[in-house]
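Structure at a glance
So you can see what is in the structure, the chains are spelled out below.
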Amino acid sequence: MAKKARLVVIGNGMAGIRTVEELLKMAPDLYEITVFGDEPHPNYNRILLTPVLAGEMRLEETILNDHDWYAEHGITLRTGSPVAKIDRVRRKVITEQGETVPYDRILIATGAAAALAPIPGKDLPGVYSYRDMRDVEALTQVSAEGGEAVIIGAGLLGLEVAHGLNARGMQVTVVHRRAWPLDKQLDARGGAMLQQAMEARGIRFLLERESAAVLGTDRVEGLQFQDGSSIPARIVVMTVGIRPRIALAKDAGLACEQGILVSDTLQTYDPRIYAVGECVQHRGMTYGLVAPLFEQAKVAANHLAEYGRMRYEGSVTSTKLKVTGIELFSAGDFLGGEDTEELTLLDAHQGIYKKVVLQNSKIKGILLYGDTSIGPWLFEHLRQESDISTMRDHLLFGETHLGDAGHSGASQAARLPDSAEICGCNGVSKGQIVHAIREGLFTVEEVRKCTKASASCGSCTGLVEQLLMSTLGGVYDGSARKKAICACTDYTHQEVRDAIRKEKLLSVRETFRFLGWRNPGGCASCRPAVNYYVRAAWPAEGKDDPSARFINERAHANIQKDGTYSVVPRIYGGVTTPAELKRIAEVAERHAVPMVKFTGGQRLDLLGVAKEKLPVIWAELDMPSGHAYGKALRTVKSCVGKEFCRFGVQDSTQLAIDLEKNLERMWAPHKVKLAASGCPRNCAESTIKDVGVIGVDSGWEIYVGGNGGMKVRAADLLTKVKTEAEVIEISKAFLQMYREDAQYLERTAPWVERVGLERIKARVVDDLEQRKALAQALDFAIAQEKDPWAEAVAGRLDIHAGPLRRISA
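Calculation criteria
Residues numbered from 1 in each chain as written. Predicted model: local features only at pLDDT ≥ 70, side-chain atom pairs only at ≥ 80, totals over all residues. Heavy atoms only, no water. Buried < 20%, exposed > 50% of the residue type's maximum accessible area, 1.4 Å probe, protein only. Helix = DSSP H or I, 4+ residues; strand = E, 2+ residues; numbered from the N terminus. Pairing = 2+ DSSP bridges. Axes fitted to C-alpha atoms, helices over the stretch in contact; angles between N-to-C directions. Parallel < 35°, antiparallel > 145°, perpendicular 65-115°, else oblique. Contact = heavy atoms within 4.5 Å. Expected span 1.5 Å × (residues − 1). Right-handed = clockwise from strand over helix to strand, strands pointing away. pLDDT = per-residue confidence, 0-100. Disulfide = S-S within 2.5 Å. Phe/Tyr/Trp six-rings, centres within 6.5 Å; stacked < 30°, edge-to-face > 60°. Lys NZ or Arg CZ within 6 Å of the ring centre and 35° of its normal. Left-handed = near helix turned anticlockwise from the far one by under 90°. Nonpolar A, V, L, I, M, F, W, Y, C, P; charged D, E, K, R; others polar.

Moving on, we get to helix 9 (residues 375-384). Across the 10 residues of helix 9, 8 count as buried, placing the element largely inside the fold. Within helix 9 the residues assigned to the buried category are Gly375, Pro376, Trp377, Leu378, Phe379, Glu380, His381 and Leu382. Where helix 9 ends, the next residue or the one after it, glutamate 385, has phi of about 55°, a positive value.

Right under this line is the structure:
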């Protein structure tokens with residue numbers, strides 16, 4: 001057997017080991033690999049330092065490649081073993097412990113070290129940096145005694161360590177020389193929103209302050225500023241930047257400036273030595289984010305594998321902030337200039353700010369705060385330099401506009417090109433994920449394990465789920481395995497609901513904290529679900545979190561394709577009056593509503609209404625909300641019944657009105673539609689409704705679990721009753737059981753099939769006591785709800801965006 005070439009990897013971090021992973025895919029048997037790492041741990045995810053510091057995650061959970069992985073691939077791992085010298089003449093490396101290892105190729109991935117502010121006192125005990133797991137362990141230990149912590153620098157690392165120490169119970173002050181935090185990733189408006197969000201978590205900011213000295217004699221006692229003022233501090237954490245670790249390369253005679261100089265093949269000036277990661281300087285640039293490092297890793301691995309086909313030409317970077325509960329995405333030139341134009345959307349009440357900078361119909365910069373779901377889509381257009389002139393009007397709403405159908409969201413990820421980056425933390429594209437799914441993956445956890453997508457900050461979990469849905473179709477939903485509510489936790493929907501009830505968890509945040517959510521801020525999948533579960537379990541005491549709702553439920557109107565909204569007032573049973581019709585017509589005419597249309601549910605829809613006009617139109621209509629936008633009771637459709645129809649045998653119109661008045665304002669796991677027909681001809685199409693009632697000579701037949709959408713399902717006959725009162729009570733009991741049992745976004749049709757009609761009958765038909773209790777529980781829940789339009793008209797509910805504060809240019 002031919003002797004393998006010897007590859008020595010100096011640096012056991014994310015860039016170096018990602019290069020090894022890529023190399024093993026291309027040429028698994030080409031090298032005998034030895035890896036040297038300074039730290040005592042195997043390769044871990046540096047992005048997750050903050051969750052570990054905050055006590056939200058354990059070190060073991062951040063390990064990307066454990067010791068078994070190295071052994072499985074025949075890699076010799078030397079942890080806690082820094083390399084002291086590279087002898088290029090004799091082709092060997094020498095460690096600080098004196099070990100000598102020969103090489104044929106070297107990969108340098110020594111990363112970067114934290115920079116300390118050059119001020120007096122920076123070497124005092126109690127001054128820390130924040131760069132690796134050793135810093136996290138030191139800060140975890142010192143934070144146990146509490147006290148004041150001062151963070152110098154409000155960049156990404158500064159805010160993350162501030163969050164972590166705040167979560168540990170310290171009184172945290174962030175000192176920053178600029179006018180707003182994260183000034184390299186945010187503009188002034190976004191910075192103000194971020195500052196307010198972090199101040200709400202108890203973190204204090206001192207902006208536009210220059211540090212002069214760390215105070216103290218034997219250890220840190222405070223921080224003094226250049227204006228002479230000072231603040232007390234038990235510890236000071238400096239997060240003022242990083243310095244590429246190049247000393248080893250310089251001592252070996254390799255050309256270095258700010259970093260180790262490399263070519264487009266990631267080779268240093270010595271062709272046997274490659275370098276990747278934060279320690280390198282390529283075309284004058286150094287990088288500190290993960291995505292560019294992984295792009296470098298692919299190219300370096302390609303050349304180490306002797307393929308020689310790839311070149312690294314630099315990276316366009318984007319940034320995501322991983323502080324709990326704060327979603328932020330920025331990329332490119334988001335500040336813009338005189339020759340650019342801006343598209344902005346500000347909803348300060350909901351904490352959402354979107355800004356896209358355009359130049360010649362191309363995206364030059366992106367800034368998303370509060371809702372980053374369209375970040376990958378916009379970023380792909382930025383990278384591809386796409387002409388967006390045809391989609392300009394809808395750009396800030398994303399590709400699918402995320403309207404009422406947005407809960408599925410399947411098309412958002414499915415429409416991205418294969419090259420689109422889904423997981424920025426680990427550099428995983430859509431094409432890689434889809435390929436892996438087609439190779440036989442069925443769950444988010446399997447995709448995470450195979451591709452590492454969503455394994456870091458978790459913000460792309462929703463996109464990964466969408467790709468699973470679009471690739472597997474029904475197979476994804478049909479998996480019989482235990483399925484967690486999302487990648488933020490291992491708990492299932494039912495386990496989360498049980499915990500909310502048993503432990504009386506009254507908010508989304510409380511639930512996340514109690515159950516140890518992996519991603520403490522949750523994601524677009526779990527936040528709406530948990531918010532519903534809290535409200536369903538504790539209708540009077542549970543705290544509604546508007547930010548956890550979909551856009552339609554936040555605006556209390558249905559967003560349309562062009563960004564306008566539709567207004568559907570409640571018309572009980574579909575029965576209106578000339579006066580009511582006249583009022584609707586006058587309102588539509590007065591406000592130049594572009595279209596007035598009858599819906600399939602026998603209601604009037606005023607389409608094309610600008611958001612700022614919604615409250616005034618609601619006020620002038622003076623009608624309740626039809627909840628046509630929410631996971632709620634929509635309509636109760638009816639035929640004219642026996643009052644006018646010669647075939648009618650029951651008064652279906654009055655029953656529909658009574659049902660709608662009893663059930664309006666009812667929130668549910670999904671939208672709910674009812675219908676009442678006056679005879680078996682079933683003109684109201686009762687057998688394709690969630691609850692359908694058909695009049696017969698002896699009374700009423702009640703059907704449940706019907707669906708008339710893409711997957712038509714005929715409803716099941718639940719029971720026959722004699723009176724309207726029985727219809728209403730059983731309908732309430734059925735819907736309350738559905739509310740208590742179904743998973744969020746599960747319609748009654750699949751729910752009935754899942755739990756079985758007999759089980760439902762046993763509770764809502766056969767057991768009179770349970771039926772009554774369920775109906776009363778629903779009555780109580782509905783009684784806690786107020787009409788949102790009336791609340792908005794009265795000024796108690798603000799759906800409008802407004803500036804958080806005025807900032808002078």
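Pairing is parallel in the open sheet, where 5 strands are placed in the order 3-2-1-7-19. Strand pairing shows two members of the sheet lacking a second neighbour, strand 3 (76-78) and strand 19 (273-275), which therefore form its edges. With strand direction ignored, the average angle separating the axes of adjacent strands in the sheet is 15°. With 4 bridges connecting them, strand 1 (residues 5-10) and strand 7 (residues 105-108) associate as parallel partners. Looking at the pairing, leucine 7 lines up with arginine 105 of strand 7.

Another aspect to go through is the packing of helix 22 (residues 724-741) against helix 23 (residues 748-755). Two elements in contact, helix 22 and helix 23, have axes separated by 11 Å at closest approach and are oriented at 80°. Compared by their axis directions, helix 22 and helix 23 come out roughly perpendicular. Contact residues: Phe734, Met737, Tyr738 and Asp741 in helix 22; Thr748, Trp751, Val752, Arg754 and Val755 in helix 23.

With that settled, the discussion passes to helix 8 (residues 290-304). Over its 15 residues, helix 8 extends 21 Å from the first C-alpha to the last, a length consistent with the 21 Å expected when each residue adds 1.5 Å. The buried fraction of helix 8 amounts to 13 of the 15 residues, a majority that puts the element mostly inside the structure. Count one or two residues on from helix 8 and you reach glutamate 306, which has phi positive near 70°.

Further remarks concern the pairing of strand 2 (residues 31-36). Burial runs high along strand 2: 5 of the 6 residues are buried. When strand 1 meets strand 2, the two strands line up parallel, connected through 6 bridges. Note on strand 2: the bridge partner recorded for alanine 5 is tyrosine 31. Each parallel crossover has a hand, and for strand 1 linked through helix 1 (residues 14-26) to strand 2 it is right-handed. In terms of strand pairing, strand 2 meets strand 3 through 3 bridges, oriented parallel.

On to the confidence of the model for the chain. Here the chain averages 86 in pLDDT, while 92% of its residues score no lower than 70. Per-element mean pLDDT across the chain ranges from 55 in helix 14 (residues 474-477) up to 97 in strand 7. For residues 401-410, every residue scores under 50 in pLDDT, and the model assigns this stretch 25 contacts once sequence neighbours within four places are set aside. Within the model, pLDDT remains below 50 along residues 801-809, and this stretch shows 16 contacts once partners closer than five positions in the same chain are excluded.

Let's shift gears to the sheet that holds strand 29 (residues 565-567). In spatial order, the strands read 28-29-31-30; together these 4 strands make up an open sheet with antiparallel pairing. Strands at the two margins of the open sheet, each flanked by one partner only, are strand 28 (558-559) and strand 30 (595-598). As paired elements, strand 28 and strand 29 share 2 bridges and run antiparallel to each other. Residue asparagine 558 lies in a different strand from strand 29, and its bridge partner there is serine 566. Along the sheet face, helix 20 (residues 614-621) touches strand 29 and strand 31 (604-609) and points at about 10° away from the line of strand 29.

Further remarks concern the state of the cysteines. Counting across every chain of the model gives 0 disulfides. Among the cysteines around cysteine 645, which has no disulfide bond, cysteine 679 carries the closest sulfur, lying 5.7 Å off.

This part is about the packing of aromatic side chains. For the structure on display, the rule yields 9 aromatic pairs. The interplanar angle of 75° and the centroid separation of 6.1 Å between the aromatic rings of phenylalanine 329 and phenylalanine 379 together place this pair among those described as edge-to-face. With phenylalanine 329 in strand 22 (residues 328-332) and phenylalanine 379 in helix 9, the pair connects residues that are 50 residues apart, well separated along the chain. The exposure class of phenylalanine 379 is buried, given its relative accessible area of 3%. Three or more aromatic residues link up through ring pairs in this structure, and these residues are Tyr532, Tyr533 and Tyr744. A cation sits over an aromatic face here: arginine 18 above phenylalanine 294, 3.9 Å from the ring centre. Geometry around phenylalanine 225 places arginine 209 over its ring, the cationic atom sitting 4.4 Å from the centre.

This paragraph deals with unusual backbone geometry. Although it is not a glycine, arginine 91 adopts a positive phi angle of roughly 55°. Secondary-structure assignment places arginine 91 in the loop between strand 4 (83-87) and strand 5 (92-95). The backbone phi angle of aspartate 622 is positive, close to 55°, even though this residue is not glycine. When you line up the elements, aspartate 622 lands in the loop between helix 20 and strand 32 (633-638).

Below, the discussion takes up the pairing of strand 24 (residues 352-359). Counted residue by residue, strand 24 has 8 buried out of 8 residues, so it is predominantly covered. By the alternation rule, side chains of strand 24 split into Ile352, Lys354, Val356 and Leu358 and Tyr353, Lys355, Val357 and Gln359, which are all buried. Note that strand 23 (residues 341-347) and strand 24 share 7 bridges and pair antiparallel. Its bridge partner being in strand 24, leucine 343 is matched across the sheet by valine 356. Where strand 24 lies against strand 25 (residues 362-369), 7 bridges are found, and the strand directions are antiparallel. Each bridged residue has a counterpart across the sheet, and for tyrosine 353 the counterpart in strand 25 is tyrosine 369. Taking the residues that link successive antiparallel strands as the turn, the strand 24-strand 25 hairpin has 2 residues, and the phi of asparagine 360 there is positive, at about 55°.

Moving on, we get to the packing of helix 11 (residues 430-438) against helix 12 (residues 444-451). At their nearest, the axes of helix 11 and helix 12 sit 10 Å apart, and the two run at 115° to each other. When you trace helix 11 past helix 12, the crossing you get is right-handed. Here Gln432, Ile433, Ala436 and Ile437 of helix 11 come into contact with helix 12, specifically with Val447, Cys450 and Thr451. When grouped by side-chain class, the residues that make up the contact of helix 11 with helix 12 number 5 nonpolar, 2 polar and no charged.

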